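Fold and contact review
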Amino acid sequence: KSILDVKAQKAAHSKSLIFEPRVAAVQSYQTLYGICREGFDELCHLDARFVPFGTTIFSEQSQDEDRTQMTASENEELDKKIASFLHLVGARLRLMPAIKAVEWLVRRFRIHEFDSTTLLSTFLPYHTIPAFVTLLSILPSDLPNLYIFLDPYAKSLTPPPRAIFVHRAIHNAEFLTALSMYTLDACRAQQHYPALISFWAGIMTEAVNGRIDRMRSGRSAVQKSNDQSLFLLIGPTLSDALVMSKVPSLQIACYMVITVYVAKGNLDDGTISALMEQLVAGWTVESLRPGLICLSVLAQYRSAKQMSAKVTKALLKVKNLPDLLTDIGKEHDLGKLANGLCLALIDRIYKKGDSRGLPLIEPLLLASVLSQQQAGVIFKSLLLAAYKLDDQVDEGGEIRKDLASTIIRLSQAESDIRAIFTQAINDTEVDLDELEMRLDIQIRPRLLPAQ
Amino acid sequence: DIDVPDADDGDAIYPVVIAPQKLAELFNTAPSFAMPPIEDMFYEIAKMLSATKTVVSTS
C-alpha cells in the first residue's frame, strides 16, 4: 500500500504548469520555491498589491505548509487568500512571472484540485493560449460541475473556442451567473483588467441575444414568463454593475449588454425606466458619452415620451450637454432622448418654476438632434408653457422674461427651424394676444413680416 | 387646458433582429486580451443596431 501511496504522491507532485511531469516529480519544494518566488517578486515590482501575499502564501514558511495537515478552517482561510491572489494575478497571466507564481500555488497548495473552479474562472479570458491547455492537462479528471462542459477539451487537450462559452452561457444560467459574479467581484476589489471585462461583456451580450432568440414563444403567457426569467437572471448583475462608478469600463460593458437587451427584449416601460435611472445614477465622466448613447437607445424603446425626474436631473448636471449631444447626434439617433428631455424640462418650467432647462432647450432645437416633427412639438410646448405660466410659480415674472427671450431668439434663428416655428404657432390654438401680453413681447410681427 | 398634439415622429417601436453570427464575428475578431477598448466595442454594437433600424424603417 505504501508503494502505491508514494506513487500517487509522485504523480500528484508531477502536475505542473511549467515542468514536464518527470522533471516535476523529483523537484524539491525548496528548489521550486526559489523559482516561483522569483516570479512572485517580479509581480510585486509590477504591482505593489501583490506584496502582502509575500508574508502568507508566498512566505518562506509556506514551503512547509501542507494543506492536508491543516484544519478545515485553516483550509478555508487559505482558499480565501488564494482566491484573492488569483483575482489579482488574472491581469498578468500572459507573463511568465505570473505563471511561476501560480505554479507555486499548484505545487504547494494543489489549487488545481482544491480551488479548481476559481482557478479555471481566472484563466477563462485566456482560453485561447497554450497556458489554458496546460491548465486543463493538470486538472483532476472530474472537472468541477460549473466547468464540466470543458471535459472534451480537457481530454483532447485542445483550446476551447469562444463559441463554447457562449453556448454554455445561453443554455446554463449557473455558468452565466458565476461568470458575472467572478467579474463583478474582481471589479469591486479593483482587480479588474480589460481582457476580463471584454470577455464578460462579449459572452454576456451574446448570451442575452441568444437567450431572447431561444425563448421566443407564440403564447403570450409563456413569453411573459420567459421575459421575467431573463430579467431575474441578468437584472441584478446589471443593477450592481451600472452603479460601479469606479469601474467605468464595466459600466460601458453593461451599456453594450443593455443595448442588445432593450432592442430585442420587448421590455415594458417600467423596466426600461428603471434601467435608465440606474444608468444615470452611476455614470461618470469616463462613461458619459457611451452612457448617453445607451440612454438614447433605451429612450427609443420606451413608449413614454418624457424623461423621468431622476433622468432629467442627471442630464441637467452634465456639462456642455448640448455640444455633447450635437456631436453624438452626428452618428446616432438621439431624437427620442433629446425630445423626452426637452418635454421634461418644459414641464419643470411651468409646473415647478424651474427654468434651468431653458439654456439646454434652445441649442437642442437649433442643432439637428431633433427631427423636424419633434422640434415642432417642442416649440408648441414652449408656447404653451409660456401660456400656462402664472404668478403662482413665477412670482416676479423672471421665468416669463427668460422664456420670452428664448422664443424671440428662436424665432429669429437663421435656419429652417423658423418655418417650423411659424407652423407651430399656426397649429397651436393659443391666444397669441394673451400670450404676448403675458410675456410682454411681440411675436407675430417679427415672425410674419409680410402681413 | 390645451394639450400638445402628438407628432407622428416615427415613434413606432420596431423589433430588432440581430443575427447571432454578426455579434460573434464582432467578438471573435481577437482574443479578449487583444480586443479594442470596450468603448469602441460598444460603439460597434450601437452602430449595428441603428443600421438595423434604418433597414426596418425604410422597408
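Residues numbered from 1 in each chain as written. Chains lettered and ligands numbered in written order. Predicted model: local features only at pLDDT ≥ 70, side-chain atom pairs only at ≥ 80, totals over all residues. Heavy atoms only, no water.

1. Details of the state of the cysteines
Residue and element names in this part refer to chain A.
- Taken as a whole, this structure holds zero disulfides over all chains when the rule is applied.
- Cysteine 36 takes part in no disulfide bond, and the closest cysteine sulfur to it belongs to cysteine 44, at a distance of 14 Å.
- We note that cysteine 294 lacks a disulfide partner, and the nearest cysteine sulfur, in cysteine 254, lies 8.9 Å from it.
- Looking at cysteine 294, the relative accessible area reads 1%, which means it is buried. (Disulfide = S-S within 2.5 Å. Buried < 20%, exposed > 50% of the residue type's maximum accessible area, 1.4 Å probe, protein only.)

2. Let's talk about the packing of helix 10 (residues 162-171) of chain A against helix 11 (residues 173-188) of chain A
Residues and elements named next belong to chain A.
- Contact geometry of helix 10 with helix 11 gives a least axis separation of 5 Å together with a crossing angle of 110°. One way to sum up the angle between helix 10 and helix 11 is to call them roughly perpendicular. Of the residues in helix 11, those touching helix 10 at Phe165, Arg168, Ala169 and His171 are Ala173, Phe175 and Leu176.
- Residue composition of the contact of helix 10 with helix 11, by class: five nonpolar, one polar and one charged. (Axes fitted to C-alpha atoms, helices over the stretch in contact; angles between N-to-C directions. Helix = DSSP H or I, 4+ residues; strand = E, 2+ residues; numbered from the N terminus. Parallel < 35°, antiparallel > 145°, perpendicular 65-115°, else oblique. Contact = heavy atoms within 4.5 Å. Nonpolar A, V, L, I, M, F, W, Y, C, P; charged D, E, K, R; others polar.)

3. Focus on the pattern of salt bridges
All names here are of chain A.
- What the rule picks out here adds up to 21 salt bridges over all chains.
- Between aspartate 47 and arginine 92 there is a salt bridge whose closest N-O contact spans 3.8 Å. Of this pair, aspartate 47 sits in the loop between helix 3 (29-46) and helix 4 (72-89) while arginine 92 sits in the loop between helix 4 and helix 5 (96-109), and the two are 45 residues apart along the sequence.
- The salt bridge partner of arginine 289 is aspartate 327, with a shortest N-O separation of 2.9 Å. Taken as a pair, arginine 289 in helix 16 (residues 288-300) and aspartate 327 in helix 18 (residues 321-329) lie far apart in primary sequence, 38 residues in all.
- In this structure arginine 289 comes out as partly exposed when scored by relative accessible area, which is 27%.
- It is possible to trace a salt-bridge network through shared partners that takes in Asp47, Arg49 and Arg92. (Salt bridge = Lys/Arg side-chain N within 4 Å of Asp/Glu carboxyl O.)

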